[in-house]
Amino acid sequence: MHDLKDYLEKNKDRFLEELFELIRIPSISSKDAHKEDMYKAAEWVKESLLSKGADKAEVCDTEGHPVVYGEKVIDPSLPTVIIYGHYDVQPVEPLELWKSEPFAPEVRDGKIYARGADDDKGQMFMHFAAFEYLVSTNQLPCNVKFMIEGEEEIGSPSLGKFLEDNREKLAGDVILVSDTAMLGADVPSITTGLRGLSFCEVHVTGPNRDLHSGLYGGAVANPVNVLCDMISSLVDENGRITVKGFYDEVEELSQEERAEMARAPFDEEAYKRSIDVKALKGEKGYSTLERTGIRPSLDVNGIWGGYTEKGAKTVLPSEAHAKISMRLVPHQNSDKITRLFRDHFLSIAPDYVKVEVEFLHGGEGYVSPTNTVEYQAASKAYEKTYGIKPVPYRSGGSIPIISMFEQILGIKSILMGFGLESDAIHSPNENYPLEQFFKGMETIPHFYHYYVEGKK
Ligand code: BES
Ligand code: MN
Ligand code: MN
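One numbering rule holds for all chains: residues counted from 1, following each sequence as written. Here every chain gets a letter starting at A, and every ligand a number starting at 1, in the order they are written. With pLDDT at 70 or above as the cut-off, local features in this predicted model cover only qualifying residues; side-chain atom pairs require 80 or more to be listed or tallied, and sums for whole chains, interfaces and linings still use all residues. In computing side-chain values, all of the structure's heavy atoms are included and hydrogens and water are not.

### Brief notes about the nonpolar core
Counting 63 residues, the largest nonpolar core has Val45, Phe437 and Phe447 as its most contacted members. Of all elements in the fold, only helix H1 (4-23), helix H2 (35-51), strand S3 (80-86), helix H3 (121-136), strand S6 (143-149), strand S7 (174-177), helix H10 (373-386) and helix H12 (434-455) reach the threshold of two or more residues within this core. Looking at this core, the element that brings in the most residues is H12, giving 10 residues. Once residues within four sequence positions are removed from consideration, Phe437 is found in contact with Phe15, Leu16, Leu19, Ile112, Gly122, Phe125, Met126 and Tyr432. Nonpolar cores are built from buried Ala, Val, Leu, Ile, Met, Phe, Trp, Tyr and Cys residues. Side-chain atoms within 4.5 Å join them into one set. Buried residues are those whose accessible area, probed at 1.4 Å on protein chains only, stays under 20% of the maximum for their type, while exposed residues exceed 50% and partly exposed ones sit between those limits. Formed by 27 residues, the second largest nonpolar core is a distinct cluster that contains Leu227, Ile324, Ile337 and Leu340. Working definition: helices are DSSP H or I runs of at least four residues, strands are E runs of at least two. Numbering for both runs from the N terminus. In this analysis, two residues are considered to be in contact whenever any of their non-hydrogen atoms come within 4.5 Å of each other.

### Details of the coordination of the manganese ion (ligand 3)
Looking at the manganese ion (ligand 3), the protein donor atoms are Asp119 (OD), Glu153 (OE), Glu153 (OE) and His426 (NE2), and they sit 2.1 to 2.5 Å from it. Sites may look incomplete, because water is not among the atoms used; the donor set itself consists of N, O and S atoms within 2.8 Å of the metal (3.2 Å for Na, K and Ca). Angle rules define the geometry names used: all angles between 85 and 135 degrees makes four donors tetrahedral, while opposite donors over 155 degrees apart and all other angles between 65 and 115 make four donors square planar and six octahedral, leaving every other case irregular. Every donor counted, the 6 donor atoms about the manganese ion (ligand 3) form angles of 55 to 155 degrees at the centre, which fits irregular coordination. Counting along the primary sequence, the residues that act as donors to the manganese ion (ligand 3) give the motif D-x33-E-x272-H. The metal-metal distance between the manganese ion (ligand 3) and the manganese ion (ligand 2) comes to 3.6 Å, with Asp119 coordinating both. Of this pair, Glu153 sits in the loop between S6 and helix H4 (159-165) while His426 sits in the loop between strand S17 (413-415) and strand S18 (431-433), and the two are 273 residues apart along the sequence.

### Here we look at the pairing of strand S1 (residues 56-60)
As judged from the 5 bridges shared by S1 and strand S2 (residues 67-72), these two strands associate in the antiparallel manner. Along S2, the bridge assignment pairs Val59 with Val68. The rule for pairing is simple: two strands pair if DSSP sees at least two bridges between them. As consecutive antiparallel partners, S1 and S2 are separated by 6 residues.

None of this, on its own, says anything about what the molecule does.
Put into structure tokens, the structure is as follows:
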């Protein structure tokens, strides 16, 4: 692949312009108003795959947003790599904090700024470019299938059924995904773990209407105060989650495994500086990388109730609500944790309020072994472009569908992410450094090469 760098260099402006076209489609999966945009983005993905050399590509309807499937099968006796990615993005609020429009991509200081620049349009597109290179230079060493969904950011509600209905079409040897991060721009790393998730909304109701906070204040329980008390009791002073049975199945790593993890380079001062906090907080007895990688967590993602507009309104609200996410680690089961959480939350409800717990979505975590052909191929690929052997590390994020690929299709995934913590995914001013974008494109073809070599 002596011509790889040349090829990328020659085509880099076009690749960027193509990615920008996709980014300009505001494919926010969680909002009904963007239903049409989901089809537009899916069509764009299909056309792009065809233009880059797929033998066929189709937009497949589901009960939710469509899945795009594409393939190039050169020889059924060769291995098949399945590329997974998602064309949907997160909402963009708060809009006033963006320096440029979220769906008007622009390059500043060597970074692409836009919603989806990293997660996952930018990372997914690296695979399209790598595929184009391999096909157009006649170096594709195996079969390739693409499965690009539009519901990742809302928990992939339709993809499980798509997998069940399309088992044969989706036959393959490995699923290759770029939707995670590296530890740093000069610290190539391979994600070997993802956390599971249980996401709930809780509702606390007090009096049957908003009350005058002077006439009633002090005599009637305030649901917002009660909700805050309940929430603050969920994590104790040692950073342990108090939900009964919560830790029963948590996988405890051996001292050797933890020592191995501690070898991953991590600059805690830079981490604090990058998010502008003086000190970190988490479960006692664990390092920061352990707290996000191998330990579960519980966070309020949003909380509301009462009067939140401008100015004062003296009111004792009738209701309070919160969105609570729990990140789970291997062996914890999302359904079981949701049940434990609901039981616990109802059990701590005082009798002066009514409490409801509503489950929104969840999924299982994932661990990828390092002694496999695909891990070794990924490792060699990074080493080839970066000149350093990548470190395995467990990420705190979730991609619940990855465990379903294994359950339903029986296929393992390999997580070759090129994002950086500083990319601000899901936040205002999401960005993706051009260097990561092009380094990713350069690394992926090497993966194909080493993978097929390793399978022989
Ligand atoms: N790409 C992210 C997950 C991610 C990012 C994993 C960086 C590791 C490193 C994905 O799009 C995402 O945002 N997942 C959601 C879960 C989903 C069910 C809404 C998450 O982790 O919050
Ligand atoms: Mn993603
Ligand atoms: Mn995301």
